[in-house]
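So the chains spell out like this:
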Amino acid sequence: MADAFDKLKKSLHEVMAITDEKIDKRLKAAQEFVHKVKEEQSQVQEDLEILRAERASIEDARREVERQLEEVALVRAELEAKKNGGFFGCCISKPRIQVADITVPLESEGETG
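Residue positions are given per chain, counting from 1 as you read along its sequence in written order. Only residues with pLDDT of 70 or above have their local features reported here, since the model is predicted, and side-chain atom pairs are shown and tallied only from 80 upward, although totals for entire chains, interfaces and linings are computed over all residues. The basis for every side-chain value is the complete set of non-hydrogen atoms in the structure, without hydrogens or water.

Asks: I'd like a description of the overall build of the protein chain, backed by residues and values.
Replies: A tally of regular secondary structure across the protein chain gives one helix and zero strands. Classification of the 113 residues of the protein chain by burial places 1% in the buried group. Per-residue and other accessible areas were derived by the Shrake-Rupley procedure at a 1.4 Å probe size, with only the shown protein chains allowed to occlude residues. Of the accessible surface of the protein chain, which amounts to about 11,400 Å², a share of 60% is contributed by carbon and sulfur atoms. Numbering of helices and strands runs from the N terminus; a helix is a DSSP stretch of H or I covering at least four residues, while a strand is a stretch of E covering at least two. Only protein chains enter the accessibility calculation, which uses a 1.4 Å probe; a residue whose area is less than 20% of its type maximum is buried, one above 50% is exposed, and one in between is partly exposed.

Asks: Explain the pattern of salt bridges to me, using residue names and the numbers behind them.
Replies: Basic side-chain nitrogens of Lys or Arg form a salt bridge, by our definition, when they fall within 4 Å of a carboxyl oxygen of Asp or Glu. For the structure on display, the rule yields seven salt bridges. A salt bridge links E59 to R62, with the shortest nitrogen-to-oxygen separation between them at 2.4 Å. Of the two residues, E59 and R62 are both situated in helix α1 (residues 2–83); the distance of three residues between them amounts to about one turn of the helix. Look at E59 and you get partly exposed, because its relative accessible area is 28%. Through salt bridges with shared partners, one network takes in E59, D60, R62, R63 and E66.

Asks: Run through a nonpolar patch on the surface, naming residues and quoting values.
Replies: Taken together, the side chains of M1, F5, L8 and L12 make up a nonpolar region of the molecular surface, amounting to roughly 490 Å² of accessible area. Within the secondary structure, L12 sits in helix α1. For patches, a residue must show more than 30% relative accessible area and have no salt bridge; joins then use 9 Å for like charges and 5 Å for nonpolar side chains, namely Val, Leu, Ile, Met, Phe, Trp and Tyr.

So this is what it looks like as structure tokens:
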């Protein structure tokens, strides 16, 4: 009977050793997976910070371009106003041709009555 108990004891120890190895393998795989996920999470966080910084930089550049476009529009309006006679350019007639620039042909003596 002691022999049977020794065989059972030996068998249980072998099963427990095998089970411990399987548990250790799964635990190690799970720990590696968790480590990998944490590394990826860290990388994603870094990428997110970079994207936020780039977004802020792009937004600043957009605001600067918008400001410059407004400035260009003001300069263009000023130039147009000067070109068209100033602020009240719409109320002023176009420049007239100077009389000295026009030559009128003289009537010939035979045409007069």
